[in-house]
Every structure is written in structure tokens, then in C-alpha cells.
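Structural overview for review
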Amino acid sequence: EAQVTQNPRYLITVTGKKLTVTCSQNMNHEYMSWYRQDPGLGLRQIYYSMNVEVTDKGDVPEGYKVSRKEKRNFPLILESPSPNQTSLYFCASSMGLAGGPFSYEQYFGPGTRLTVT
Amino acid sequence: GDSVTQMEGPVTLSEEACLTINCTYTATGYPSLFWYVQYPGEGLQLLLKATKADDKGSNKGFEATYRKETTSFHLEKGSVQVSDSAVYFCALSGGTNAGKSTFGDGTTLTVKP
């Protein structure tokens with residue numbers, strides 16, 4: 001089954017304790033992205049990757065790191081989490097978002113609910 | 001940068017009523033436009049899309065037309081069902097920056113029997 005998986009689904013942690021949220025896709029997609037969803041703010045893009053070893057900042061990259069060493073995986077790293085990073089996080093993948101006919105739909109994971117106390 | 005503005009919600013309708021959710025955008029280049037739907041406790045899934053001006057996307061009775069002259073992509077359905085209750089997001093990608101994706105704030109739709 002074609003899917004995007006995220007782990008963990010739920011995480012409660014304390015300020016400053018480094019954490020990693022994993023994301024994996026089995027569709028051989030070149031494009032992957034991370035979003036956070038907050039009430040009243042919709043989805044905001046954190047980082048995206050057009051291909052292996054190619055990453056770029058989205059609209060809200062502060063406090064986050066990513067890496068794309070393999071095509072299927074795109075982990076999100078919070079090196080020193082703070083309470084304002086409490087949110088619902090989604091990973092997504094796509095064949096590509098280059099614009100016009102080269103923009104394809106994104107497939108979303110089930111989400112990771114993170115609470116930082 | 002690019003932006004997407006959705007009509008504010010929540011929206012509550014009776015079954016079989018007509019639905020319109022407004023969406024306007026600001027972008028340069030040749031963005032593609034999307035509507036995604038999110039059911040409770042789930043991730044987003046594509047509802048429909050349009051990749052160029054005057055394209056009409058349609059799926060499950062929902063329709064939206066890419067209007068470049070009014071920079072709009074309004075979502076419409078002629079007769080909603082209780083099962084359409086969800087959060088709807090308008091989104092664009094491939095505009096000013098290839099690879100960047102911009103979402104609206106989402107509109108919560110509740111359909112009552």
C-alpha cells in the first residue's frame with residue numbers, strides 16, 4: 001500500500017530535550033516536506049526537499065533541522081524544543097511541485113502530535 | 001511571498017444544501033491550485049486540483065475552477081452530505097518558488113441531517 005508513515009504519532013517531552021520525528025514514504029517520490037498545523041493558522045511549511053541531499057527552508061524553519069540522505073526518509077529534528085513548538089506535525093511526499101503541469105498532489109502522513117512542556 | 005486566503009469558518013449546512021467555500025490567492029509564476037480535505041484525526045488528502053488557468057478540477061461532486069483573472073479557486077458542491085463534514089484547505093504550489101507550498105487557514109464544514 002502506498003503510504004507515508006510517521007513516528008511517533010504522539011510525543012510529550014520537556015524543553016531542551018532533543019528529539020527526532022521520522023518520516024518515510026514507499027512511493028519513490030522525489031519531493032518531501034514537513035508542515036505544522038496550529039489552530040487558526042492552517043498548515044505552515046517548515047522545510048522541504050526536492051531530492052536527495054537537497055533541502056530548503058519553508059515559511060517557519062526556525063528551531064528545526066532536516067536531512068535527506070535517502071530518497072524514502074526525511075526526518076525532522078528539534079535540537080532544543082521549546083513550548084512554542086507544541087503542534088501537530090505532518091510529513092508529505094509528492095512526485096514534484098515545480099509548478100504548472102509539474103505540480104503533483106502531496107500525500108500526507110497521519111500526523112505527529114507533539115507537546116513540549 | 002505567495003499567500004492563500006480562505007473564507008472564514010466554521011460553516012454549518014443542512015444536508016442537500018449548496019456549498020461554496022471561497023479561496024483567493026496571490027502568487028507569481030504559474031502556480032498549481034489544490035483543495036485538500038482533512039477528516040477528524042487524519043492527515044490531509046487531495047480532493048481536487050487544477051494546474052493552469054481555466055482548468056476545472058472535480059471529484060466526488062465537488063468542483064473548482066482556476067480563475068486567473070480573479071485569482072480565485074472557489075470550492076463548490078451542489079448537494080452536501082453528512083459525510084462531507086471535514087476541514088477543507090485551499091493550497092497552491094509551484095508559484096514564486098518551485099517546491100514551496102502555501103495553504104489557507106482551513107474551513108471547517110459541518111453538515112447536519
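Read on for an overview of the structure. (Residues numbered from 1 in each chain as written. Chains lettered and ligands numbered in written order. Predicted model: local features only at pLDDT ≥ 70, side-chain atom pairs only at ≥ 80, totals over all residues. Heavy atoms only, no water.)

1. Comments concerning the state of the cysteines
Rule in force here: Counting rule for disulfides: a pair of cysteine sulfur atoms within 2.5 Å. Here a helix means four or more residues in a row that DSSP labels H or I, a strand means two or more in a row labelled E, and each is numbered from the N terminus. When a residue's accessible area, from a 1.4 Å probe over protein chains only, is under 20% of the maximum for its type it is buried; when over 50% it is exposed; and in between it is partly exposed.
By the definition in use, this model includes 2 disulfides over all chains. The disulfide that involves Cys23 of chain A links it to Cys91 of chain A, with 1.8 Å between the sulfurs. Residues Cys23 of chain A and Cys91 of chain A are joined through a disulfide that is left-handed, its torsion about the S-S bond being -75°. Note that Cys23 of chain A is positioned in strand S3 (residues 19-25) and Cys91 of chain A in strand S9 (residues 87-94), a separation of 68 residues in sequence. Cys91 of chain A shares its class with Cys23 of chain A; the two are buried. A sulfur-sulfur separation of 1.9 Å characterises the disulfide bridge that pairs Cys23 of chain B with Cys90 of chain B. Residues Cys23 of chain B and Cys90 of chain B are joined through a disulfide that is left-handed, its torsion about the S-S bond being -70°. Within this pair, whereas Cys23 of chain B is found in strand S4 (residues 23-26), its partner Cys90 of chain B is found in strand S10 (residues 86-93), the two being separated by 67 residues in sequence.

2. So, the sheet that holds strand S7 (residues 65-66) of chain A
Residues and elements named next belong to chain A. Put simply, the rule reads: What makes two strands pair is DSSP finding at least two bridges between them.
Spatially, the 4 strands line up as an open sheet ordered S1-S3-S8-S7, and their pairing is antiparallel. Here the strands that pair on one side only, and so sit at the sheet edges, are strand S1 (4-7) and S7. The pairing of S1 with S3 spans 4 bridges and is antiparallel. Paired with Gln6 across the two strands is Cys23, which belongs to S3.

3. A few points about the interface of chain B and chain A
How we decide: In this analysis, two residues are considered to be in contact whenever any of their non-hydrogen atoms come within 4.5 Å of each other. Put simply, buried area is the surface a 1.4 Å probe can reach on two separate parts but cannot reach once they are joined, added for both. What makes a salt bridge here is a side-chain nitrogen of Lys or Arg within 4 Å of a carboxyl oxygen of Asp or Glu, nothing more. In protein, a polar contact requires one atom able to donate a hydrogen and another able to accept it; more generally it is a pair of N or O atoms within 3.5 Å, and residues adjacent in sequence count only if both atoms are side-chain atoms. In this classification, Asp, Glu, Lys and Arg are treated as charged, Ala, Val, Leu, Ile, Met, Phe, Trp, Tyr, Cys and Pro as nonpolar, and every other residue, Gly included, as polar.
Each side of the interface is counted separately: chain B has 22 residues, and chain A has 27 residues. Overall, the association of chain B and chain A removes approximately 1800 Å² of surface from exposure, summing both partners, and the carbon and sulfur fraction of that is 51%. Our count for the chain B to chain A interface comes out at 1 salt bridge. Between Lys100 of chain B and Asp59 of chain A there is a salt bridge, and its shortest N-O distance comes to 2.7 Å. One can count 6 residue pairs in polar contact (both at pLDDT 80 or more) joining chain B with chain A. Within the residue set of the side of chain B that touches chain A, elements represented by two or more residues are strand S5 (32-38), strand S6 (44-50), S10 and strand S11 (101-103) of chain B. Broken down by class, the residue content of the side of chain B that touches chain A amounts to 8 nonpolar, 10 polar and 4 charged.

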